[in-house]
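If you want the building blocks of each chain, they are given just below.
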Amino acid sequence: MTTTAFWASAGAPFGQPLGSHRVLFDHYSSRWLAIGNGVQASDIYVAVSDTADALGSWRFTSITGVAGIGAGAVADFPSLGMDDMGVYISTNNFSP
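Quick caveat: nothing in here was measured; it's all calculated off a predicted structure.

Visitor: What should I look at first to understand the pairing of strand β3 (residues 43-49) in this one?
Guide: Look at any regular strand and the pattern is simple: side chains alternate between the two faces of the sheet. Burial within β3 is extensive, with six of its seven residues counted as buried. In this sheet, β3 lies alongside strand β2 (residues 31-37) in antiparallel orientation, the contact comprising five bridges. Bridging across to β3, A34 finds its partner in A47. Here β2 hands over to β3 after five residues, the two strands then running antiparallel side by side.

Visitor: Would you mind going over the environment of W32 with me for this structure?
Guide: Tracing the chain through its elements places W32 in strand β2. The exposure class of W32 is partly exposed, given its relative accessible area of 25%. Separated by 25 residues in the primary sequence, W32 and W7 place their C-alpha atoms 14 Å from one another. Each residue touching W32, except ones within four places of it in the same chain, is listed here: V23, L24, F25, A47, V48, S49, T51, A52, D53, A54 and W58. A distance of 3.0 Å separates a polar atom in the side chain of W32 from the backbone oxygen of A52.

Visitor: I keep staring at unusual backbone geometry and nothing clicks. Help me out?
Guide: Negative phi is the rule for most residues except glycine; trans is the rule for most peptide bonds. One non-glycine residue, S30, adopts positive backbone phi at about 55°. On the secondary structure map, S30 appears in the loop between β1 (19-26) and β2. The backbone of F77 shows a phi angle near 50°, a positive value even though the residue is not glycine. By the secondary structure assignment, F77 is in strand β5 (residues 74-83).

Visitor: Even after reading the chapter, I still don't get the sheet that holds strand β4 (residues 58-64), so can you show me in this structure?
Guide: Strand pairs in the sheet, formed through backbone hydrogen bonds, run parallel or antiparallel to each other. Spatial strand order, β1-β2-β3-β4: four strands in an open sheet with antiparallel pairing. Because the sheet does not close on itself, it has two edges, and the strands there are β1 and β4. Averaged over all neighbouring strand pairs, the angle between strand axes comes to 15°, with direction disregarded. Sheet topology places β3 next to β4; seven bridges connect them, and they run antiparallel. Across the sheet, the residue bridging to D43 is T64, located in β4.

Conventions we followed
- Residues numbered from 1 in each chain as written.
- Predicted model: local features only at pLDDT ≥ 70, side-chain atom pairs only at ≥ 80, totals over all residues.
- Heavy atoms only, no water.
- Buried < 20%, exposed > 50% of the residue type's maximum accessible area, 1.4 Å probe, protein only.
- Helix = DSSP H or I, 4+ residues; strand = E, 2+ residues; numbered from the N terminus.
- Pairing = 2+ DSSP bridges.
- Contact = heavy atoms within 4.5 Å.
- Polar contact = N/O pair within 3.5 Å; in protein donor to acceptor, adjacent residues only side chain to side chain.
- Axes fitted to C-alpha atoms, helices over the stretch in contact; angles between N-to-C directions.

Put into structure tokens, the structure is as follows:
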């Protein structure tokens, strides 16, 4: 499936996500996690599978990856990591 179709099926709002998608399996929770740039350059899309089956249903949320550095800020190249303590998202933040 395309990335647009994936994010739509996970519950993301209408629009073409910008890219830089990452997907990892969290063996601590037996869930898949996906992130990517949202429709707005400052948004990070986050999805978590409901089960260990990546072909099943997913839950969606978005976060503002850049705050307080001005209008038009970009949260570029989101990266995803995890360990037994949590999930970590980093971005390359810049303002035009």
